[in-house]
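Architecture at a glance
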Amino acid sequence: MIISPGKQSVMGRLISEKDWSKTSLSPIEHWPSLLLNTVNVMLEVNFPIAVCWGKELITIYNDAYRPLLGDKPEALGRPFLEVWQEAKDIIEPQLHLALEGQPIFFKNMEFNLLRKSKLQPAWFDYTFSPIRYSNGEISGVINIAVEVTERVQALDGLKELNEYLEQKVKERTATLEEYKDQLQNLTYQLNFAKERERHALAGHLHDHVGQLLDLSVIKIDQLKRSVQDEKVLEKMKKLREVIMLANNNTRDFVHELKPPPIFEKENMEELLWWLAQRMKKYDLQIHIKDDGKPKPISAEVHKVLYESVRELCFNIIKHANINEASIELSEKNSEILIIINDRGRGFNINEKKSGMTGKGGFGLFNIQERLQMLGGSLMIESQAGKGTKVTLSAPLLPHS
């Protein structure tokens, strides 16, 4: 048999039984050895292959190629361009290149093919390679093709999913940014309201309670002149001491609520020295170091930095279990840097960062938000048992 028994697949049988005299090819027993050998090799391969022979490119293919044809009429023995009529505009120039001796390969090529009685998109990886006689003459083309429609559609689906997810991420990010802006604005408004209430309370204490206490001392001093009884005078003296203590405590409280005019000055070092003196009554000794460089800052930055350092000092008092800390003040890259160091308990920085939870958490969050609104930052370095280092930064005013 010209097509050997070992190759009696479905297409092997159909090739052997077909009357090839009704095509432009001669009967199978008269086929040139090149064609016969090529067909026999093709039938041995479990990969979609078609042989296109002669001027008409008569189609001969193996079992693996049959599914690519879909519900087309039997293509065996028909011209290749007739078989793939709906793709002719694409593949005809490609076949001409192969017939001129140029093998070509295409990946993920899309075609609209007739399947289930209608045109449907399909994708293929395929090659067209020339078939040559020993003298170099080209007598046909081999088409090796693999349909990759499912792969391409899966990739397209994945691409669409990625685009959808990216869009959702963008939308969620935009929403989060909006929430962040709202939160920062709310933080600013809360701090502004708190500052306003503190100043109002300080003013009330100074203008009313403080003055009444001062007046009480004056009245006692006036009464003492008209009293002769030593016992009464002693009691008046003790009462005067109590009123003076209340008056001093009131003034201290007023200063806590609203620092003296030093608060409005540009000199941050001077304000920190004042704060260090205030911290002594809480048994916290603060060592201050300044690089001596000018650090012009806005009134808002001045206020936020002071309140932030004050908050951090109270955190040391409450949580660090230590009575000593240092503050370094410097200028770098057009920013003012304030570094607060302590060698106290420290903490797990990852737990503190995850939502700024725990003791002092909202205070740290508040500091961070306020500094970010001013173009600054808060950086915390800490380790349990080895202390904490907090770096505050904020922009300087432009040099004139």
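Summary of the structure given here. (Residues numbered from 1 in each chain as written. Predicted model: local features only at pLDDT ≥ 70, side-chain atom pairs only at ≥ 80, totals over all residues. Heavy atoms only, no water.)

1. Comments concerning the side chain of Asn143
With respect to the helices, strands and loops of the structure, Asn143 is situated in strand β5 (residues 138-147). For Asn143, a relative accessible area of 3% corresponds to the buried category. A polar contact of 3.0 Å, which involves the side chain of Asn143, links it to the backbone oxygen of Thr127. If near-sequence neighbours (up to four positions away) are discounted, Asn143 is found in contact with Pro48, Ile49, Ala50, Tyr65, Phe80, Tyr126, Thr127 and Phe128. (Helix = DSSP H or I, 4+ residues; strand = E, 2+ residues; numbered from the N terminus. Buried < 20%, exposed > 50% of the residue type's maximum accessible area, 1.4 Å probe, protein only. Polar contact = N/O pair within 3.5 Å; in protein donor to acceptor, adjacent residues only side chain to side chain. Contact = heavy atoms within 4.5 Å.)

2. Digging into empty space enclosed by the protein
In the structure shown here, the tally under the stated rule is 1 cavity of 30 Å³ or more. Of the volumes computed, that of the largest cavity is approximately 140 Å³. Taken together, 13 residues form the lining of the largest cavity, with Tyr65, Trp84, Phe111, Phe124 and Asn143 sitting closest to its centre. At 3 residues, strand β4 (residues 118-132) tops the list of elements feeding residues into the lining of the largest cavity. (1 Å grid on protein atoms, 1.4 Å probe; cavity = no way out; pocket = protein on both sides within 12 Å on 5 of 7 lines; lining within 4 Å. Points joined across faces, edges and corners; volume = space filled by probe spheres on them.)

3. Here's the deal with helix α2 (residues 33-44)
The terminal C-alpha atoms of α2, which comprises 12 residues, lie 17 Å apart, in line with the 16 Å expected from a rise of 1.5 Å per residue. Turning to α2, its buried residues number three or more, namely Leu34, Leu35, Leu36, Thr38, Val39, Asn40, Met42 and Leu43. Summarising the contacts, the buried residues of α2 are in contact with α1 (10-17), β1 (49-53), β2 (58-61), β4 and β5. (Expected span 1.5 Å × (residues − 1).)

4. As for the pairing of strand β9 (residues 377-382)
Every other side chain in a regular strand lies on the same face of the sheet, so the side chains alternate between the two faces. Only one face of β9 is buried, namely the one carrying Leu378, Ile380 and Ser382, since none of Ser377, Met379 and Glu381 on the opposite face is buried. One ladder, built from 6 bridges, connects β9 with strand β10 (residues 388-395); its direction is antiparallel. By the bridge assignment, Glu381 is partnered in β10 with Lys389. As consecutive antiparallel partners, β9 and β10 are separated by 5 residues, and within that stretch Gly385 has a phi angle of approximately 85 degrees, a positive value. (Pairing = 2+ DSSP bridges.)

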